[in-house]
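Take a look at the letters that make up each chain.
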Amino acid sequence: MSEASFFAEDGLLVPEPYGDDLDTVDVPRDPRDAMSLQTAWLRSFLAVADKGGFGAATLVLHLSQSRVSAHIAALERALGVTLFDRKARPVCMTRAGELFRGHAMTALLELQRGVDAARSTLDNVVGHVSIGSYPSVSSTYLPSVLQELKSKYHGMTVELFEGNASTLEEMAVSGTVDLAFRPLLPKMHETTLCHRTIWREDIVAVMREHDPLAKQASVSVADILERPLIGNPAGSEEDGGGYDLRHTLGEASGQADIAYLTDQPTTLVALVRSAFGIGVINRLALRTTSTEGLAIRTIDSPTAFREVALFWTRRRADTAGVKAFLDVQERAELPIGVQAISN
């Protein structure tokens, strides 16, 4: 009898299939044998169910489409039922898939809670946490939080992901990350997420230092509307593209000449420096790049600010990694120039 090997899947040890082609996986023919199921199959099944397709699931799982398809095929063989109607567009679950979905999610969550409970008996908390963030938080705040985390919880491992407001929400909801830093607005579509509001920061105007507006201590919405504007993040208005800029301008946002939208503060600053327009961006983001030769001015608008929060799913709130990260984040020193918000 050959010896089975194991690999890490979401912090758990699960059997490694023999070879990359899971069509060769030897699964029992009795669909009642739950012990034949692998956690990797369940994770792929839930990702396809949540994202509505095999291709979309690969982005969440960081696996090839053939690997995801093989996981689902092996799971269907083990269960003796078809879980997805592959002829439908988009792919949809069968009645069997809908019934199985809740049980699969509960099984994985309970197994992870068991792992965390066992590890909690150690003198030092051992666990894994995945964090979603965006450039200004990643460079000005997150390092100090991680330093505190590693100092207090030596056994914790961390995985980092970056995105914009829209993709960070997707990562938090899908489980790609355990926690995600994200502006409080635009509002999350998923209302069941827990969150902790951390700070408020200004939305400011960035211009060349010889621009006539730089002579003013602050600029008005009317001043901004006279110029081409550069904002962030990139993307369509429906996806939150340029949200801070539009939120700052308020009812006048429809009059704005938005020349460029970008996810990168460095790109925004470079476009301003090259005279493509005035940048409108959160102040903290400007600390991630050189602003030499530029002037930064506050904007006379009651909505020229953003609030930053930390989000996580209720189903992961009791895991060792999430509890440890929330503990150290609450005591971490905030970046310079932001205003703390008490929860």
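Worth saying up front: this structure is predicted, and the values here are computed from it rather than measured.

### A short note on helix α11 (residues 320-331)
Now for step 1: Across its 12 residues, α11 extends 17 Å between first and last C-alpha, which sits within 8% of the 16 Å expected from 1.5 Å per residue.
Now for step 2: Where α11 is concerned, the buried positions are Ala320, Gly321, Val322, Ala324, Phe325, Leu326, Val328 and Gln329.

### Brief notes about the side chain of Asp178
Now for step 1: Within the secondary structure, Asp178 sits in the loop between α7 (165-174) and β7 (179-183).
Now for step 2: Looking at Asp178, the relative accessible area reads 10%, which means it is buried.
Now for step 3: Polar contacts involving the side chain of Asp178 include one to the main-chain amide nitrogen of Ser130, which spans 2.8 Å.
Now for step 4: A distance of 2.4 Å separates polar atoms of two side chains, one belonging to Asp178 and the other to Arg316.
Now for step 5: In this view, Asp178 contacts His128, Val129, Ser130, Phe311, Trp312, Thr313, Arg316 and Val322; residues no more than four positions away in its chain are not counted.

### Side note on the pairing of strand β11 (residues 257-261)
Successive residues of a regular strand alternate their side chains across the two faces of the sheet.
Now for step 1: Direction of pairing for strand β10 (residues 228-231) relative to β11: parallel, over a ladder of 4 bridges. If you follow Gly231 over to β11, its bridge partner there is Leu261.
Now for step 2: Crossover connection from β10 via helix α9 (residues 243-249) to parallel β11: handedness right-handed.

### A closer look at unusual backbone geometry
Now for step 1: Put simply, Arg89 and Pro90 share a cis peptide bond, and its omega is 0 degrees.
Now for step 2: Among the secondary structure elements, Pro90 is positioned in the loop between β3 (84-85) and β4 (92-93).
Now for step 3: Along the chain, Leu185 connects to Pro186 via a cis peptide bond; the corresponding omega equals 0 degrees.
Now for step 4: Its location among the elements puts Pro186 in the loop between β7 and β8 (194-208).
Now for step 5: Phi is positive for His62, which is not a glycine, with a value near 60 degrees.
Now for step 6: Non-glycine residue Ala275 carries a positive phi angle of around 70 degrees.
Now for step 7: As for its placement among the helices and strands, Ala275 is situated in the loop between α10 (265-273) and β12 (278-282).
Now for step 8: Look at Ala275 and you get partly exposed, because its relative accessible area is 47%.

### A look at the packing of helix α1 (residues 39-51) against helix α2 (residues 54-61)
Now for step 1: Packing of α1 against α2 leaves a shortest axis separation of 8 Å and a crossing angle of 120 degrees. Viewed along their axes, α1 and α2 adopt a mutual orientation that is oblique. In this structure, the crossing between α1 and α2 has a hand that is right-handed. Across from Arg43, Ser44, Ala47, Val48 and Lys51 in α1, the residues of α2 making contact are Phe54, Ala56, Ala57, Val60 and Leu61.
Now for step 2: A per-class count over the contact of α1 with α2 returns 7 nonpolar, 1 polar and 2 charged.

### Structural notes on the pairing of β12
Now for step 1: The element β12 is largely enclosed, with a buried count of 5 among its 5 residues.
Now for step 2: Of the strand pairs in this sheet, β8 and β12 are connected by 4 bridges, and their pairing is antiparallel. In the strand pairing of β12, Val206 is matched with Gly279.

### Digging into the nonpolar core
Grouped burial of nonpolar side chains is what soluble globular proteins tend to show.
Now for step 1: With 37 residues, the main nonpolar core has Tyr141, Leu149, Leu179, Phe181, Trp199, Leu310 and Phe325 as its most contacted residues.
Now for step 2: Among the secondary structure elements, those contributing two or more residues to this core are β5 (126-133), α6 (142-152), β6 (155-162), α7, β7, β8, β14 (305-312) and α11.
Now for step 3: Within the second largest apolar cluster, 23 residues are counted, among which are Leu42, Phe84, Met93 and Ala104.

### Quick look at the environment of Glu292
Now for step 1: Mapped onto the elements of the fold, Glu292 is located in the loop between β12 and β13 (294-300).
Now for step 2: Taking C-alpha positions, Glu292 is 9.7 Å from Val269, a pair spaced 23 residues apart along the chain.

### Quick word on the packing of α1 against helix α3 (residues 65-79)
Now for step 1: For the pair α1 and α3, the least separation of the axes is 8 Å and the interaxial angle reads 110 degrees. Relative to α3, the element α1 lies roughly perpendicular. Between α1 and α3, the contacting residues are Ala40, Trp41, Leu42, Ser44, Phe45 and Val48 on the first element and Val68, His71, Ile72, Ala74, Leu75 and Ala78 on the second.
Now for step 2: For the contact of α1 with α3, a count of residues per class yields 10 nonpolar, 2 polar and no charged.

### Some words on α1
Now for step 1: Given a rise of 1.5 Å per residue, 13 residues ought to cover 18 Å, and the 18 Å separating the end C-alpha atoms of α1 matches this to within 8%.
Now for step 2: The buried count for α1 comes to 10 of 13 residues, which makes it a mostly enclosed element.
Now for step 3: Turning to α1, its buried residues are Thr39, Ala40, Trp41, Leu42, Ser44, Phe45, Leu46, Ala47, Val48 and Ala49.
Now for step 4: Within two residues after α1, Gly52 carries a phi angle of roughly 80 degrees, on the positive side.

About the cut-offs
Residues numbered from 1 in each chain as written. Predicted model: local features only at pLDDT ≥ 70, side-chain atom pairs only at ≥ 80, totals over all residues. Heavy atoms only, no water. Helix = DSSP H or I, 4+ residues; strand = E, 2+ residues; numbered from the N terminus. Expected span 1.5 Å × (residues − 1). Buried < 20%, exposed > 50% of the residue type's maximum accessible area, 1.4 Å probe, protein only. Polar contact = N/O pair within 3.5 Å; in protein donor to acceptor, adjacent residues only side chain to side chain. Contact = heavy atoms within 4.5 Å. Pairing = 2+ DSSP bridges. Right-handed = clockwise from strand over helix to strand, strands pointing away. Axes fitted to C-alpha atoms, helices over the stretch in contact; angles between N-to-C directions. Parallel < 35°, antiparallel > 145°, perpendicular 65-115°, else oblique. Left-handed = near helix turned anticlockwise from the far one by under 90°. Nonpolar A, V, L, I, M, F, W, Y, C, P; charged D, E, K, R; others polar. Core = buried A, V, L, I, M, F, W, Y, C linked by side-chain atoms within 4.5 Å.

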